[in-house]
Every structure is written in C-alpha cells, then in structure tokens.
Amino acid sequence: MGFINEPIPRNMMRPYKIPNYREVTPGRWTIDKERNIFLFHYWKDIDPPHIDYFAFYWNDICFKAVMLSSFIDGYTIKWTLMSLDQADHKEKSINKQDVLNDLREAFMVYGVSGYRFPTPNSIPRPSTKVIISF
C-alpha cells in the first residue's frame, strides 16, 4: 500500500511517549498501515536553522529523527537528516539501512507538512518537489 498522510481519527488518537521529551498525542501522521510504520512531527525549533523533530515508529521501535528543512524555491523542499536515534528497545537488532530507506520513503510522502492537499494558506502544493538528502 505504501505511505499516506492522514488525520488520525479521534477514536484512534493516543499519546506516544517520546523518550527524553514527553508524551505527544499527534493529530495526523504519515503512515504505511500494512506495515504499521508511521511518522509524526512533534516539535519545531523556530530559531535558525529551522530544525524539526519527528517520531518514527518502525517495527514498534521509536526513532527520534532530527531534520533540517530548507526551501530551495516555492515548489521545492529539501530534508536533511541531522540525527536518527533509536529511542527505545535498544536490545532489538535492527538493520539501520532498512530504517533509513523507510524514513526516506515516509518523507517523500510527508512533503512539506504532512497534508494530502494544500490548504489556502499553506505552502504545500500537488507540484511540490521533495529532495531527500540522507
């Protein structure tokens, strides 16, 4: 099926503990439902450079992804991975390359802000190009 951006139905909303941060109840996510892999934004550092913090749940393991976003023009966003920390279940053996491949795939769908369609005041457009730099 692949990743899609969608709001989380109220009856499915629940808090997720972000290690070394706090609990966050996301209202939307980028999810591959068949594989139960999902990504959601939980914080943004508005001081330049603009750093975005994401929780990436992969095989029931929470990864904290710290991303730098930069707009190249009004139609292109570039995501650069600053760090990817396995936040829990450190005893589980994982293939980091598989995690990175799925994270790339999720960000291609996430685009600018994780919305399927642009809203009147948002930058995302169907023609937005996404560059993944990791």
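As the structure is a computational prediction, the values presented were derived from the model and not from experiment.

A.B. asks: What is the right way to read the sheet that holds strand β1 (residues 4-7) from this model?
C.D. replies: Sheet strands line up and pair through hydrogen bonds in the backbone, either parallel or antiparallel. Spatially, the 7 strands line up as an open sheet ordered β1-β4-β5-β6-β7-β8-β9, and their pairing is mixed. Each edge of the open sheet carries a strand with a single partner, namely β1 and β9 (129-133). Geometrically, the sheet is characterised by an average inter-axis angle of 30° between neighbouring strands, direction not taken into account. When strand β7 (residues 61-73) meets strand β8 (residues 76-86), the two strands line up antiparallel, connected through 10 bridges. Across the sheet, the residue bridging to phenylalanine 71 is isoleucine 77, located in β8.

A.B. asks: Hey, could you run me through the nonpolar core in this one?
C.D. replies: As a rule of thumb, nonpolar side chains are buried together in soluble globular proteins. Within the largest apolar cluster, 21 residues are counted, with the highest numbers of intra-cluster contacts made by Leu39, Phe54, Phe56, Trp79 and Phe107. Listed by contribution, the elements that provide at least two residues to this core are β5 (37-45), β6 (51-58), β7, β8 and α1 (96-110). The leading source of residues in this core is α1, at 6 residues. Contacts of phenylalanine 56, omitting those with residues within four sequence positions, involve Ile37, Phe38, Leu39, Ile61, Cys62, Phe63, Val99, Asp102, Leu103 and Ala106. By size, the runner-up hydrophobic cluster in this structure holds 12 residues, among which are Ile18, Val24, Trp29 and Ala55.

A.B. asks: For this particular structure, what's the right way to read the confidence of the model for the chain?
C.D. replies: Interpreting fine coordinate detail is not advised for predicted regions of low pLDDT. Per-chain confidence: the chain averages 86 in pLDDT, with 86% of residues scoring 70 or above. Long-range and interchain partners of residues 117-124, a stretch whose pLDDT sits below 50, account for 8 contacts in this model, where long-range means more than four residues apart.

A.B. asks: Teacher, can you tell me more about the packing of aromatic side chains here?
C.D. replies: The relative placement of two aromatic rings is captured by the distance of their centres and the angle of their planes. In total, this model carries 16 aromatic pairs according to the counting rule given. Pairing phenylalanine 54 with tryptophan 79 gives two aromatic rings, centres 5.7 Å apart and planes at 85°, and the pair type is edge-to-face. Of the two residues, phenylalanine 54 is situated in strand β6 and tryptophan 79 in strand β8; the sequence distance between them amounts to 25 residues. In this pair, the class of phenylalanine 54 matches that of tryptophan 79, namely buried. Between phenylalanine 54 and phenylalanine 107 the ring centres are 4.8 Å apart and the planes differ by 80°, which places this aromatic pair in the edge-to-face class.

A.B. asks: Sorry if this is basic, but what is going on with the pattern of salt bridges here?
C.D. replies: Enumeration according to the criterion identifies 4 salt bridges in this entry. For the salt bridge of lysine 33 with glutamate 6, the shortest nitrogen-to-oxygen distance reads 3.1 Å. With lysine 33 in the loop between β4 (28-32) and β5 and glutamate 6 in strand β1, this pair connects stretches of sequence that are 27 residues apart. Taking the relative accessible area as the measure of exposure, lysine 33 reaches 43% and is therefore partly exposed. Residue classification places glutamate 6 among the buried residues on the basis of a relative accessible area of 11%. The salt bridge partner of aspartate 32 is arginine 35, with a shortest N-O separation of 2.9 Å. Classification of aspartate 32 as buried rests on a relative accessible area of 3%. When salt bridges with common partners are traced through the structure, they connect Asp32, Arg35 and Asp102 into a single cluster.

What counts, and at which threshold
- Residues numbered from 1 in each chain as written.
- Predicted model: local features only at pLDDT ≥ 70, side-chain atom pairs only at ≥ 80, totals over all residues.
- Heavy atoms only, no water.
- Pairing = 2+ DSSP bridges.
- Helix = DSSP H or I, 4+ residues; strand = E, 2+ residues; numbered from the N terminus.
- Axes fitted to C-alpha atoms, helices over the stretch in contact; angles between N-to-C directions.
- Core = buried A, V, L, I, M, F, W, Y, C linked by side-chain atoms within 4.5 Å.
- Buried < 20%, exposed > 50% of the residue type's maximum accessible area, 1.4 Å probe, protein only.
- Contact = heavy atoms within 4.5 Å.
- pLDDT = per-residue confidence, 0-100.
- Phe/Tyr/Trp six-rings, centres within 6.5 Å; stacked < 30°, edge-to-face > 60°.
- Salt bridge = Lys/Arg side-chain N within 4 Å of Asp/Glu carboxyl O.

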